[in-house]
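Here are the chains, one letter per residue:
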There are 4 protein chains.
Amino acid sequence: MRIGVLTGGGDCPGLNAVIRAAVRKGTQEHGYEFVGFRDGWRGPLEGDTMVLDIPAVRGILPRGGTILGSSRTNPLKVEDGVRRIKDNMVKYDVDALIAIGGEDTLGVAAQLVEFGVNTVGVPKTIDNDLSATDYTFGFDTAVNIATEAIDRLHTTAESHRRVLVVEVMGRHAGWIALHAGLAGGANVILIPEQRFDLDEVCQWVENRFKIKYAPIIVAAEGAVPKEGQMVTKDESLDSFGHVRLSGIGEWLAKSIEAKTGKEARTTVLGHIQRGGTPSAFDRWLATRFGLHAIDAVREGDFGKMVALRGTDIVRVPIADATAQLKTVDPSLYAEAGVFFG
Amino acid sequence: MRIGVLTGGGDCPGLNAVIRAAVRKGTQEHGYEFVGFRDGWRGPLEGDTMVLDIPAVRGILPRGGTILGSSRTNPLKVEDGVRRIKDNMVKYDVDALIAIGGEDTLGVAAQLVEFGVNTVGVPKTIDNDLSATDYTFGFDTAVNIATEAIDRLHTTAESHRRVLVVEVMGRHAGWIALHAGLAGGANVILIPEQRFDLDEVCQWVENRFKIKYAPIIVAAEGAVPKEGQMVTKDESLDSFGHVRLSGIGEWLAKSIEAKTGKEARTTVLGHIQRGGTPSAFDRWLATRFGLHAIDAVREGDFGKMVALRGTDIVRVPIADATAQLKTVDPSLYAEAGVFFG
Amino acid sequence: MRIGVLTGGGDCPGLNAVIRAAVRKGTQEHGYEFVGFRDGWRGPLEGDTMVLDIPAVRGILPRGGTILGSSRTNPLKVEDGVRRIKDNMVKYDVDALIAIGGEDTLGVAAQLVEFGVNTVGVPKTIDNDLSATDYTFGFDTAVNIATEAIDRLHTTAESHRRVLVVEVMGRHAGWIALHAGLAGGANVILIPEQRFDLDEVCQWVENRFKIKYAPIIVAAEGAVPKEGQMVTKDESLDSFGHVRLSGIGEWLAKSIEAKTGKEARTTVLGHIQRGGTPSAFDRWLATRFGLHAIDAVREGDFGKMVALRGTDIVRVPIADATAQLKTVDPSLYAEAGVFFG
Amino acid sequence: MRIGVLTGGGDCPGLNAVIRAAVRKGTQEHGYEFVGFRDGWRGPLEGDTMVLDIPAVRGILPRGGTILGSSRTNPLKVEDGVRRIKDNMVKYDVDALIAIGGEDTLGVAAQLVEFGVNTVGVPKTIDNDLSATDYTFGFDTAVNIATEAIDRLHTTAESHRRVLVVEVMGRHAGWIALHAGLAGGANVILIPEQRFDLDEVCQWVENRFKIKYAPIIVAAEGAVPKEGQMVTKDESLDSFGHVRLSGIGEWLAKSIEAKTGKEARTTVLGHIQRGGTPSAFDRWLATRFGLHAIDAVREGDFGKMVALRGTDIVRVPIADATAQLKTVDPSLYAEAGVFFG
């Protein structure tokens, strides 16, 4: 048995842990061989490979990023893409693929299975927005980084009368904002799932100043104000005609300053949330995903994805994971509301 | 409604987060009042109370330990214990108790419910060995601390030919050793659930030296060698006749040195695993436990304990949690074996 | 002897460590009493005091911020300010002041000494831009936080072709950018002391992409491009006519994208650099400053400021510290140039 | 110009940063070539080399350990050692050596210079006990790790009545214990430079329990009790006749328990203090040492060692650094005494 491994999409702490676990278990327990495909689906598409044996995976467990590289190449949008992948699998003598990635990467995987490519999926998304698994690796790391940032802001909030805004990742789902906001003791949490009312936010800000300390607001990058309060088209373009880089964090700070007269400061965590060494939980989850992906390959259970359910690793159809974005349930968001204002 | 809150047993990062969430939700959403009972069951037993309102819980979310103090007092072993608790509940006008603790504290809670004391339980154990909940808060923090320690040892393992032993918490269950060992990339993980063979450990040590780097061994404090290899009675007493403080970590280092001739060094993490600020996961879990404990009180669902199942907080009979220690499943330990040696 | 203590200006990890050390030493070794003046010079001006004894300073060593509060009140700009301070010192029976602060706070202190107020200074600036001391506490903490952020960006830089910009503190001096940039292995470091050439920066960016990985650019918030490349007046105002909050980091990302066609992402660390627990070095330095401030008071050596020279704490005239901003020496910046591009 | 580089002695965070900076500056600014000698003096002695160019040093800045490996080989104790080194320098066309190490490694370097080997030294010691430099890299990292451990113990100290002992590195000098003890707010600090009185320690322990919280004792591994209180010969051997691994930390815990009746717990940090990523300060210092070592080579200033004085890197005769151990000055230790008990 010879297994090809690839990683697609944005980087996420834990990718290397999956790769290492799969290679260790496959090689040591079953005598499998491995081929690394470079840069997501570009690897099998173009036949770009690298050695993937036990020495190649030594020491990578605690490292962020992916030794295989990544890309957003979609072979289904490339002429003859499927055939070229199948040809390269024959050429490199690869019997099965382990595809580690998010919605896009797994979406391709699901379709390739239809075309007879033996594929097992491993879910990856920093935003935790994939259905069919309780958590994905990388998310816990991101939440820890964001929480630590909020912790540090409390010091300033205690001694200066400034509104502090933190913009965190989460374009379509507010999981990082919700978890980090709760864990960090934020006074307002804004998520993409529910449009916020700027006036209400300003009211919370005023209330907070009355009681004690300055307010800390955590906003997912995809958070959007109510219609009418929205960023106008004009506002989103700068004087060069470029799309403005500044995001919701800065918009909030500016708008709150304008409405309340309080000074506001923004922290934009950006890519530091997805880099660096994975948390212990993410290494544990990623390692177990890697081990169980090998079990799936061994049993010929293709078209499936490993997933976390409680403390168990289970298998679900890949299609289930990508069918629908996992967003924050309104009741869960409501639960957090007790800490607002 | 007036609710008494107490925390019992060893300290655990997240206790304060439970207290804060319960007080915030109870006060703000339902207008409940709270009384803090000091030092576990000693508080209601002796009528030792403290103010527990919103100002009292400000700023405690990120703090380890417990503002209520803790003890191992067992009111069931005290004459008239139950009556005295009931009297004090009347005296302080307390309608219900939220008891946050481990096996012992919850065991008392379960029995008090039989005697008509309205109690809701919140599970707490750094060792993660309570049944009926996927995880308890504090565990993730401990695993992160132990993992970070193992990470640091890798540097030395790469440049010196020394066996490195890390002793972690886990008297009866090997969860911390297993999770941190996997997350840290340890070469051997020893847990209380399965007696280890010193000769096999030495064989893994020798193998490791042949391939690369020096070996890192993670041992739960409750790990025990096979019979015959065991610590003798004599060995466990020092020349003063005191019980020797040195634990399995040191025993391993000494024994491996004797058998393999390799130098060995021990790190004993001790209490640093249960101190300091909780991880984001533990704060999230503890906060949700606190919120849901209030729901249980409000619904009069006494004799129940909040618990984590997947991503949901559910309620289970307190007795279920304490009926049996949750130990590491042999298959889970076997899964980790691929990384040994 | 009764000593008043105050902290002025922006918050800085280590302020509490100074206060604690002074109170511990003064009380225990010399039997002095202490009065806490609230919110910088506002405290002695308005007679706003708090208890400052040993119980009041318990547990504050590892805490960021200041238990005394802070402000930017300048008593010299208040009518009768000096007389009111002197009156309050008499009223509260205060013989001497320990003033902990930066340029402004110490500038006031220097002048009050002229008016006969017995004052000892302790230097504080997160930016490390005070003359007459090798380092000030808070700086090492800020550099560690910024370095850790850069570390995390390397992961992404290794797997995506994006320019990564980090904006750090430093309005007038580039110490944080220089130290964190060097420690983090940045590819470009931009400081306020030397105007940068956007074309050169873009050239470094292009070079970096040719060799390997994506470039990481660290920019002090006060970094400014060459004339002609400068932000125009228009650009600095948004469509609301507000001053734009977006800083040099965002400007760089946008400008580099425009010139090189490469995607760029910005992280703005903001206030997280000045919050949270102080590093070990900052606690050590702050503690020693506090101890030596007491020595100065005891010896009646007023008008002096404690300062670090090598590993020694010395005393210098307060005026020396505030006479001139300590900026990055061109030769030191040139030394770092070997790592650019 | 072709430069050989070697690292000797125990590992220390920052070694790789020195190597990287030297190679970057030598190659880019002066066109020098580099040869890596493996495992300290064993490399030039046996002619064991590795490629050391810019690609070889990419990404090593944040990594602990040393890519060159290390050993304690002393070529002066090997027959014909000096001649063999000189022969290998000719063979590999090496004009000068940069020797990075502690007392032993630099002691050899100093003597080789006498024999005409062009050598520049870079000081390295985790214990900070080398004369002629304010600090050595690795020390700040170790102090931060030990301080963080003490921080975590405070949580337990606040809620349990247990004496907490932390054993830190420092066989001959108490710098780590002193700095971490002060930074962590320890109640007792014991260093090798001054024999401690067990009765006095027990008195401090009793006092502490009376006031508040449990005591935290930081002991350097080389701390020794007064004569008569000392570990007996018998006590240092276990029942197997092995030398006991247990150190002063455990001895203290046991002895304090025996004398005060209070429970005591020990944390032995061991090798985690010298592993892992260097702190920002250590990276900065190590980087500057590497850059300045190249300046020394370029100017032919052999027999010198780079050293830190205040914020400057200077050069001193290697012999100065190794002539005398830098121990903790009694007055500095006395200064810390205000926090004891």
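Conventions used here
Residues numbered from 1 in each chain as written. Chains lettered and ligands numbered in written order. Predicted model: local features only at pLDDT ≥ 70, side-chain atom pairs only at ≥ 80, totals over all residues. Heavy atoms only, no water. Buried < 20%, exposed > 50% of the residue type's maximum accessible area, 1.4 Å probe, protein only. Helix = DSSP H or I, 4+ residues; strand = E, 2+ residues; numbered from the N terminus. Pairing = 2+ DSSP bridges. Right-handed = clockwise from strand over helix to strand, strands pointing away. Least-squares fit on C-alpha atoms with pLDDT ≥ 70 in both. Contact = heavy atoms within 4.5 Å. Buried area = accessible area lost by both parts, 1.4 Å probe. Polar contact = N/O pair within 3.5 Å; in protein donor to acceptor, adjacent residues only side chain to side chain. Lys, Arg positive; Asp, Glu negative; His and termini not counted. Salt bridge = Lys/Arg side-chain N within 4 Å of Asp/Glu carboxyl O.

**Q** Looking at this structure, I do not really get the pairing of strand E1 (residues 2-7) of chain A. What am I missing?
**A** Side-chain positions along a regular strand alternate between the two faces of the sheet. Residue and element names in this part refer to chain A. By the criterion of burial, E1 is predominantly enclosed, with five of the six residues buried. Here E1 pairs with strand E2 (residues 33-37) via four bridges, running parallel. Each residue of the ladder has a partner; that of isoleucine 3, found in E2, is phenylalanine 34. As a crossover connection, the stretch from E1 through helix H1 (residues 15-30) into E2 is right-handed. Where E1 meets strand E4 (residues 96-101), five bridges bridge the pair, whose relative direction is parallel.

**Q** Is there a simple way to think about the relation of the copies chain C and chain A in this case?
**A** Each of the two chain copies can be generated from the other by rotation about an axis followed by a shift along it. In the superposition of chain C on chain A (RMSD 0.0 Å, axial shift 0.0 Å), the rotation amounts to 180°. Put plainly, the chains are arranged around a two-fold axis. Of every C-alpha in chain C, the one belonging to valine 268 of chain C sits nearest the axis of rotation, 2.5 Å from it. When the interface residues of chain C are mapped onto chain A, 100% of them again lie at the interface, so the same face is used by both copies.

**Q** What am I meant to see in the interface of chain C and chain A here?
**A** Where interface size is given, it is often the accessible area lost as the parts come together that is meant. Across the boundary between the two partners, chain C contributes 44 residues, which contact 44 residues of chain A. Buried surface at the junction of chain C and chain A, summed over both partners, amounts to about 3,400 Å²; 58% is from carbon and sulfur atoms. Between the two partners, chain C and chain A, sit 11 residue pairs in polar contact (both at pLDDT 80 or more). Listing elements by their share of the side of chain C that touches chain A, those giving two or more residues are helix H6 (139-159), helix H9 (248-260) and strand E9 (264-268) of chain C. Looking at the side of chain C that touches chain A, the element that brings in the most residues is H6 of chain C, giving nine residues.

**Q** What's the story with the side chain of arginine 20 of chain A in this structure? I'm lost.
**A** As for its placement among the helices and strands, arginine 20 of chain A is situated in helix H1. Of the side chains bearing the opposite charge, aspartate 151 of chain B lies closest to the buried arginine 20 of chain A, which forms no salt bridge; the N-O distance is 10.0 Å. Each residue touching arginine 20 of chain A, except ones within four places of it in the same chain, is listed here: Val57, Ile60 and Leu61 of chain A together with Gly185 and Phe339 of chain B.

**Q** Before we go on, may I ask you to explain the side chain of arginine 283 of chain B in this structure?
**A** Residue placement: arginine 283 of chain B occurs in helix H10 (residues 280-298). At 2.9 Å, the side chain of arginine 283 of chain B forms a polar contact with the side chain of threonine 277 of chain B. Those residues in contact with arginine 283 of chain B that sit more than four places away from it in its chain are Thr147, Asp151, Ala183 and Gly184 of chain A together with Ala17, Leu61, Pro62, Thr277 and Pro278 of chain B.

**Q** Looking at this model, I keep getting lost on unusual backbone geometry. Mind explaining?
**A** Excluding glycine, most residues fall at negative phi; most peptide bonds, likewise, are trans. Positive phi, normally seen in glycine, also occurs at aspartate 80 of chain C, with a value near 65°. Structurally, aspartate 80 of chain C is set in the loop between helix H3 (54-57) and helix H4 (81-91).

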